[in-house]
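# Results of the structural survey
Read off the chains here:
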Amino acid sequence: MISLVKKLGAWGAVLPLLGYCAIALGLPIWAILWDGLHLTNPQNTSETTGSLTLANLTTSWHGIYLKGLETSLRLSLFTAIISALVGLFAAYAIAQSKGRYFKQAVLTASGVLANFGGIPLAFCFIATIGTGGVFLSWIQSVWPSFALDTFSGVAVVYPYFLIPLMVLTTLPALDGLREQWKEASANLGGTSWQYWRHIGGPLLFPAALGGFVLCFGSSFAAYATAKALTDGTVPLVTTQIASILSGNVIAGENDLGMALAFNTVIVCGVMMAVYLPLRKRSAKWLES
Amino acid sequence: MHRITKLACAAAAVTLAASACSSNSSTTSSGSGSTNWATVTSASAGGGMTALIAAAKAEGSLNVIALPPTWANYGTLMAEFKAKYGITVNDANPNGSSGDEINAIEHDKGLATAPDVVDVGNSHALPNTNLFSDYEVSTWANIPAGLKDANGSWYGDYGGYISIGCVAAKVAPAPCPTTFAELLDSSYTADYKGKVSLDGDPTSANAAFSGVWAAALASGGSLSNIQPGISYFGKLKSNGEFNATGDTESTIEAGSTDITIDWEYLNSQYASDLKSKGITMSVAIPTDGLYSAYYDQAISKYAPHPAAARLWEEFLYSAEGQNGFMGGYARPVEFAAMQSAGTLDATDEKLLPTVSGSVSYPTESELTTAQNAVTSGWATALG
């Protein structure tokens, strides 16, 4: 028994986790793919229900569903870039502050706000900005075409929970920047620009990009907020999945919903493929 | 990420549950002796109402699903049923959708908590007759022919017309619109700006979908052509009148959606609730876009309490149940028959807005065509 454990070594220790992952992540992906590849509503008599087909996946890559995926990607990229930039500067300001309690309070608040989304958030904005009133007239005096129920409206609402997420994920890396490095750079005659260009920037870059990818993922997966704000006039892949799987209008298209879900799995897979190596690199630098 | 993981986990759980349960069929026997209520197609075929009541009482409880207590007076109806027969009513997922109800029948089969009866939109009743038990309530003849399945698989229970709700004080000096044509009247455009809303996304909310269809009927469309309705809202949007925020009582109260195209029973309920808050809201049924739809009752083929399920249907289709729906501003399906029989509750009848004209109902293929048109055209026309 002991020799077996020894032989397995580190793999033995990680085995339960792998088993868990296979059940909690592998099985659902398999289920999504399985359903996505099967037929629920045969269009002609030569096909039977439950037969293998690529029709669902093909449909999910055409017409309104392709547009939904595009809009989702565009919205996520746009809001993630804005949130990453604003969040990074905010996190830097917080990291530089001397107040320990202030820092703790901001971190806690960020943790709460990063999870504050959905219909409550949408309604907060509807009640504040809505369709009439002072706030809207202020915004429209500088941005005449702005409306809460359009793409730009959703893009304004999303950073509300994305910026705290960015602060939350980059603050540890900013705290890891040691004051001594800045002093050493100054002693050697480096300017502030040179410090950020050659030392601070490269150290922060992986963490910042990692935060950006998380913002992207969070924005991509969010849907209740957009659904409450836009009545489907801004097509998003997540709201489309919800309409198909649990709506009151479209019936019997569950397999198409699974095909759409599979597309999102692909997007998430690509995202993680970018994020994981970056996080590894960031951690290596900061530990040394 | 989290939502996707959750969805994936739910999918896994569902798959596991489905494969685990597919081998047991519903074997729950009914409480009363020899009658197998799960296959009985009318109360008289099972030995009469007394036998049905006895069997239902023996089962002791009834599982319903997705019935919001404030919707069509369901809260009161469930309480009355419980008080009358002493049968516990378990309401699972009160804010669920028709899609959720069908999923629950499919995936919970064999469980004691599986739904006994469902209340679904017609789009979900038509394609799922293989999941329902045929049953004809004793007042079957009073349900109009177009609103029930010939075999008794599903039957309309309550419904209503698409109406235009309006807070007059917020749209003045323009009048409250009473037709779809009025909403597009150019002299009112400025006053209606940003105020006209639907009850959500027409690709997932039946009320919004029906609103688009009503607009189609008002603009040259028909039951086989919903496209003019999509164009109608496209026009409202380009006029700046359409507000894509789905209407709820809160958005009306907040002054975000002052004109709401929604089911009459929802608008009337909002109007009644908002009255106490000092907001006067009127509800009109547009004469140019008369569209009506009914929700359907059906008994699950896998009902764990087959007798209680049948008794619930008898209760809903009794004068008491039908008047109960009307107390929640909905139109009971037996309205016409009850009107001629004089069994309508006079007080509740006054709650309903007046209607002039008659409606027809879409067929299954018309429904599918319209769904596809809205699914593919909505975001493009209004994006």
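On a predicted model such as this, the values are computed, not experimentally measured, just so you know.

Now for the overall build of chain B. On a plain count of helices and strands, chain B comes out with 17 helices and 10 strands. In summary, chain B has a C-alpha radius of gyration of 22 Å against a globular reference of 21 Å for 383 residues, a match within 12%. In terms of principal-axis extent, the alpha carbons of chain B reach across some 70 × 55 × 40 Å. Scored against the burial criterion, the 383 residues of chain B give a buried share of 56%.

Helix and strand counts for chain A come out as 13 helices and zero strands. The linear arrangement of helices and strands in chain A, starting from the amino end, is α-α-α-α-α-α-α-α-α-α-α-α-α. For chain A, the spread of C-alpha atoms along the three principal axes comes to 80 × 75 × 30 Å. Long-range contacts, defined as pairs at least 24 residues apart, comprise 69% of the intrachain contacts of chain A with a sequence gap of at least 6.

Right, let's talk about the pattern of salt bridges for a bit. Residue and element names in this part refer to chain B. Applying the stated rule across the entire model yields four salt bridges over all chains. Between Glu-320 and Lys-84 there is a salt bridge whose closest N-O contact spans 2.9 Å. Pair noted here: Glu-320 is in helix α14 (residues 319–327) and Lys-84 is in helix α3 (residues 74–85), with a separation of 236 residues, a long-range link. Residue Glu-253 pairs with Lys-277 through a salt bridge whose shortest N-O separation is 3.4 Å. Pair noted here: Glu-253 is in helix α11 (residues 249–253) and Lys-277 is in the loop between α12 (264–275) and β8 (281–284), with a separation of 24 residues, a long-range link. For Lys-277, a relative accessible area of 46% translates into the label partly exposed.

All names here are of chain B. Two elements in contact, α3 and helix α13 (residues 306–316), have axes whose closest approach is 11 Å; the angle formed by their N-to-C orientations is 115°. Every pair of crossing elements has a handedness; the one defined by α3 and α13 is right-handed. On the side of α3, the interface is formed by Tyr-74, Leu-77, Met-78, Glu-80, Phe-81, Lys-84 and Tyr-85, while α13 contributes Ala-308, Leu-311, Trp-312, Phe-315 and Leu-316. Looking at the contact of α3 with α13 residue by residue, the classes come out as 10 nonpolar, no polar and two charged.

On to the packing of helix α9 (residues 206–218) of chain B against helix α17 (residues 364–382) of chain B, then. All names here are of chain B. In the contact formed by α9 and α17, the axes pass within 11 Å of each other and the chain directions differ by 100°. It follows from the interaxial angle that α9 and α17 lie roughly perpendicular. Touching Phe-209, Val-212 and Trp-213 of α9 are Glu-366, Leu-367, Ala-370, Gln-371, Val-374 and Trp-378, all from α17. When its residues are assigned to classes, the contact of α9 with α17 shows seven nonpolar, one polar and one charged.

If you look at the interface, chain A gives 42 residues, while chain B gives 48 residues. Buried surface at the junction of chain A and chain B, both sides included, amounts to about 3,600 Å², of which 61% is carbon and sulfur. It is Asp-231, Asn-248 and Val-249 of chain A in chain A that bury the most area against chain B; as a group they hold 21% of the surface buried on that side. Applying the counting criterion to the chain A and chain B interface returns 13 residue pairs in polar contact (both at pLDDT 80 or more). Of all elements in the fold, only α1 (2–36), α3 (63–96), α5 (118–128), α10 (192–221), α11 (224–230), α12 (237–246) and α13 (254–287) of chain A reach the threshold of two or more residues within the side of chain A that touches chain B. Of the residues belonging to the side of chain A that touches chain B, the class tally is 25 nonpolar, 13 polar and four charged.

The next subject is α5 of chain A. All names here are of chain A. Gly-118, Leu-121, Ala-122, Phe-125 and Ile-126 are the residues of α5 that are buried. Buried positions in α5, seen along its axis, are confined to an arc of 140° and lie on one side of it. Phi turns positive one or two residues past the end of α5, at Gly-130, with a value near 55°.

All right, on to a nonpolar patch on the surface then. Residues and elements named next belong to chain A. A surface patch of nonpolar side chains, amounting to about 650 Å² of accessible area, comprises Leu-77, Phe-78, Ile-81, Ile-82, Leu-85, Val-86 and Phe-89. When you line up the elements, Phe-89 lands in helix α3. According to the relative accessible area criterion, Phe-89 is exposed, its value standing at 62%.

Attention now goes to the packing of aromatic side chains. Residues and elements named next belong to chain B. Scanning the entire structure with this criterion turns up 32 aromatic pairs over all chains. Note on Phe-242 and Trp-378: the rings are 6.1 Å apart at their centroids and 85° apart in plane angle, and the pair reads as edge-to-face. Placement of the pair is Phe-242 in the loop between α10 (227–238) and α11 and Trp-378 in helix α17, with a sequence separation of 136 residues. Of the two residues, Phe-242 and Trp-378, neither departs from the other in class, the shared state being buried. What links up through ring pairs into an aromatic cluster is the set Trp-71, Tyr-74, Tyr-158, Trp-263, Tyr-265, Tyr-295 and Phe-325.

So, about the state of the cysteines. Evaluation of the coordinates by the stated rule reveals one disulfide over all chains. In this model Cys-166 of chain B forms its disulfide with Cys-176 of chain B; the gap between the sulfur atoms is 2.2 Å. Taking the sign of the S-S torsion, -80° for the link of Cys-166 of chain B and Cys-176 of chain B, the bridge is left-handed. Taken as a pair, Cys-166 of chain B in strand β5 (residues 155–167) and Cys-176 of chain B in the loop between α6 (168–171) and α7 (180–183) lie far apart in primary sequence, 10 residues in all. Exposure remark for Cys-166 of chain B: the relative accessible area of 0% places this residue in the buried category. On the accessibility criterion, Cys-176 of chain B (19% relative accessible area) is buried. No disulfide involves Cys-215 of chain A; its sulfur sits 14 Å from the nearest other cysteine sulfur, which is in Cys-268 of chain A.

Another aspect to go through is the nonpolar core. If you look at the biggest cluster of nonpolar residues, it comprises 155 residues, and the most contacted ones within it are Leu-62, Leu-183, Phe-233 and Trp-312 of chain B. In terms of residues, this core owes the most to one element, α13 of chain A, which gives 10 residues. Beyond its immediate chain neighbours, meaning those up to four positions away, Leu-62 of chain B contacts Phe-81, Ile-87, Thr-88, Val-89, Asn-90, Asp-116, Val-117, His-305, Ala-308, Ala-309 and Trp-312 of chain B. If you look at the next biggest cluster of nonpolar residues, it comprises 13 residues, including Ala-91, Ala-95, Leu-177 and Tyr-195 of chain A.

On to the pairing of strand β3 (residues 117–120) of chain B. All names here are of chain B. Burial of the side chains of β3 extends over both faces: Val-117 and Asp-119 are buried on one face and Val-118 and Val-120 on the other. With four bridges joining them, β3 and strand β9 (residues 292–300) adopt antiparallel strand pairing. Across the sheet, Val-117 pairs through a bridge with Ile-299, a residue of β9.

With respect to burial, α12 of chain A is a largely interior element, nine of its 10 residues being buried. Looking only at α12 of chain A, the buried set comprises Val-237, Thr-238, Thr-239, Gln-240, Ile-241, Ala-242, Ser-243, Ile-244 and Leu-245 of chain A.

Turning our eyes to something else, we now look at the confidence of the model for chain A. Scored by pLDDT, chain A comes out at a mean of 85, with 93% of its residues at no less than 70. Averaged pLDDT values over the elements of chain A bottom out at 81 in α13 of chain A and peak at 93 in α3 of chain A.

What follows deals with unusual backbone geometry. All names here are of chain B. Along the chain, Ala-172 connects to Pro-173 via a cis peptide bond; the corresponding omega equals 10°. Mapping Pro-173 onto the fold places it in the loop between α6 and α7. The residue Asn-73 is not glycine, and still its phi comes out positive at about 70°. When you line up the elements, Asn-73 lands in the loop between β1 (61–65) and α3. A positive phi angle, close to 70°, is found at Tyr-329, a residue other than glycine.

Cut-offs and rules
- Along each chain, numbering runs from 1 in the same order as the chain's sequence is written.
- The order in which chains are written sets their letters, starting at A; the order in which ligands are written sets their numbers, starting at 1.
- Since the coordinates come from a predicted model, pLDDT governs what is reported: local features require at least 70, and pairs of side-chain atoms require 80 or more to be given and counted, while whole-chain, interface and lining totals use all residues.
- Just so you know, side-chain values use all the structure's heavy atoms and leave hydrogens and water out.
- Helix numbers and strand numbers start at the N terminus; a helix is a DSSP run of H or I with at least 4 residues, a strand a run of E with at least 2.
- It is over C-alpha atoms that the radius of gyration is taken, and the globule rule equals 2.2 Å times the number of residues to the power 0.38.
- Categorising residues by exposure relies on relative accessible area from a 1.4 Å probe, with only protein chains included: less than 20% of the type maximum marks a residue as buried, more than 50% marks it as exposed, and the intermediate range marks it as partly exposed.
- Two residues qualify as a contact provided that any one of their heavy atoms is within 4.5 Å of a heavy atom in the partner residue.
- For salt bridges, the criterion is a side-chain nitrogen of Lys or Arg within 4 Å of an Asp or Glu carboxyl oxygen.
- Axis geometry follows a simple rule: fit a line to the C-alpha atoms, using only the stretch in contact for helices, then measure angles between N-to-C directions, giving values from 0 to 180 degrees.
- Rotating anticlockwise by less than a right angle from the far helix to the near helix defines a left-handed crossing, while the corresponding clockwise rotation defines a right-handed one.
- Here the term charged refers only to Asp, Glu, Lys and Arg, the term nonpolar to Ala, Val, Leu, Ile, Met, Phe, Trp, Tyr, Cys and Pro, and the term polar to all other amino acids, Gly among them.
- Throughout, the term roughly parallel applies to angles under 35 degrees, roughly antiparallel to angles over 145, roughly perpendicular to angles from 65 to 115, and oblique to all others.
- Summed over both partners, the accessible surface that disappears when two parts come together, traced with a 1.4 Å probe, is what is meant by buried area.
- Pairing of N or O atoms within 3.5 Å defines a polar contact, subject to two protein rules: one partner must be a possible hydrogen donor and the other a possible acceptor, and residues neighboring in sequence count only if both atoms are side-chain atoms.
- By arc we mean the arc of the directions from the helix axis to the C-beta atoms, nothing more.
- A patch consists of residues whose relative accessible area exceeds 30% and which take part in no salt bridge; residues with like charges are grouped when within 9 Å of each other, and nonpolar side chains (Val, Leu, Ile, Met, Phe, Trp, Tyr) when within 5 Å.
- Per-residue and other accessible areas follow the Shrake-Rupley method at a 1.4 Å probe size, with only the shown protein chains counted as cover for residues.
- Stacked, edge-to-face and tilted are the three classes for Phe, Tyr and Trp ring pairs, Trp counted by its six-membered ring, which pair at centre distances within 6.5 Å; planes under 30 degrees apart are stacked, over 60 edge-to-face, the rest tilted.
- Only a pair of cysteine sulfur atoms within 2.5 Å qualifies as a disulfide here.
- Only buried residues count toward a nonpolar core. Its members are Ala, Val, Leu, Ile, Met, Phe, Trp, Tyr and Cys residues joined through side-chain atoms within 4.5 Å.
- A pair of strands is labelled paired if DSSP reports no fewer than 2 bridges between them.
- Per-residue confidence from the predictor is reported as pLDDT, which spans 0 to 100.

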